[in-house]
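The residues making up each chain are set out below.
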Amino acid sequence: MARTPVHRHATMAITERDQQLFMTAALDESRRALPACRPNPPVGCVIVRDGLIVARGFTGEPGQPHAEAAALLALGGGFDPMPLTMFVTLEPCAFDGRTPSCARGIVAAGIRTVYVGTIDPDPRNSGAGIEIMQAVGIEVRVGVLENQVLEFLSPYLLRPSQRVT
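Thresholds, definitions, all that
Residues numbered from 1 in each chain as written. Predicted model: local features only at pLDDT ≥ 70, side-chain atom pairs only at ≥ 80, totals over all residues. Heavy atoms only, no water. Helix = DSSP H or I, 4+ residues; strand = E, 2+ residues; numbered from the N terminus. Buried < 20%, exposed > 50% of the residue type's maximum accessible area, 1.4 Å probe, protein only. Contact = heavy atoms within 4.5 Å. Salt bridge = Lys/Arg side-chain N within 4 Å of Asp/Glu carboxyl O. Pairing = 2+ DSSP bridges. Right-handed = clockwise from strand over helix to strand, strands pointing away.

K.L.:
Summarise the overall build of the chain; cite the residues concerned and give the values.
P.N.:
Of the regular secondary structure elements, the chain holds 5 helices and 5 strands. Burial status across the chain gives 48% buried among its 165 residues. Long-range pairs, those at least 24 residues apart, make up 72% of the contacts in the chain with a sequence separation of at least 6.

Next up, the structure:
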């Protein structure tokens with residue numbers, strides 16, 4: 001897997017510039033989800049360690065892993081989750097459908113920091129995924145490149161009855 005370098009020291013917080021670079025990479029993954037993910041939204045995700053993207057994922061066909069689960073699968077089991085940071089274009093889902101809750105999957109994986117492009121307007125989520133993660137101490141930051149994320153995702157944010165998950 002190709003790793004995207006970002007010039008920063010591992011001990012430094014992720015800079016605003018780095019946040020934008022990583023969310024741009026997640027947005028690039030979102031585009032890869034189309035058209036197979038429909039009617040679900042095309043979500044993208046990257047996982048970062050020490051300034052490098054170590055895993056990528058995007059939402060698959062209905063019933064297949066969502067972006068966060070796909071990135072966690074691509075990551076495999078060889079990493080300590082504590083230094084990992086996840087960037088995802090849309091709030092991780094809070095509910096179980098044809099696939100399990102992504103927010104609960106992130107909790108189970110032990111990721112400690114998650115950057116979210118925008119909140120999912122689906123009333124089954126709409127902040128509930130954020131709450132699940134924050135309840136166990138995960139640091140969640142919302143709004144990185146939100147305008148660009150919404151520009152891309154808005155046409156695909158459907159009513160819950162139209163989603164298959």
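Now that the structure is up, let's keep going.
K.L.:
Explain the pattern of salt bridges to me, using residue names and the numbers behind them.
P.N.:
With the rule as written, the count across this model stands at 7 salt bridges. Of the charged contacts, one joins Arg 31 and Asp 28 as a salt bridge, the two residues approaching to 3.4 Å between their closest N and O atoms. Here the residue Arg 31 and the residue Asp 28 both occupy positions in helix H1 (residues 16-32), the gap between them amounting to 3 residues, near one helical turn. The class for Asp 28 is partly exposed, based on a relative accessible area of 40%. Residue Arg 32 pairs with Glu 29 through a salt bridge whose shortest N-O separation is 3.2 Å.

K.L.:
Give a description of the pairing of strand E4 (residues 113-118) that names residues and reports values.
P.N.:
In terms of burial, E4 is largely enclosed, as 6 of its 6 residues are buried. Note: strand E3 (residues 85-90) against E4, 5 bridges, orientation parallel. In the sheet register, Met 86 faces E4, and the bridge partner there is Val 114. Where the polypeptide runs from E3 across helix H3 (residues 102-109) and back to E4, its parallel neighbour, the crossover connection is right-handed. The sheet contact formed by E4 and strand E5 (residues 139-142) spans 4 bridges and is parallel. Residue pairing in the sheet places Val 114 in a bridge with Val 140 of E5. In this view, the connection linking E4 to its parallel neighbour E5 by way of helix H4 (residues 128-135) has right-handed handedness.

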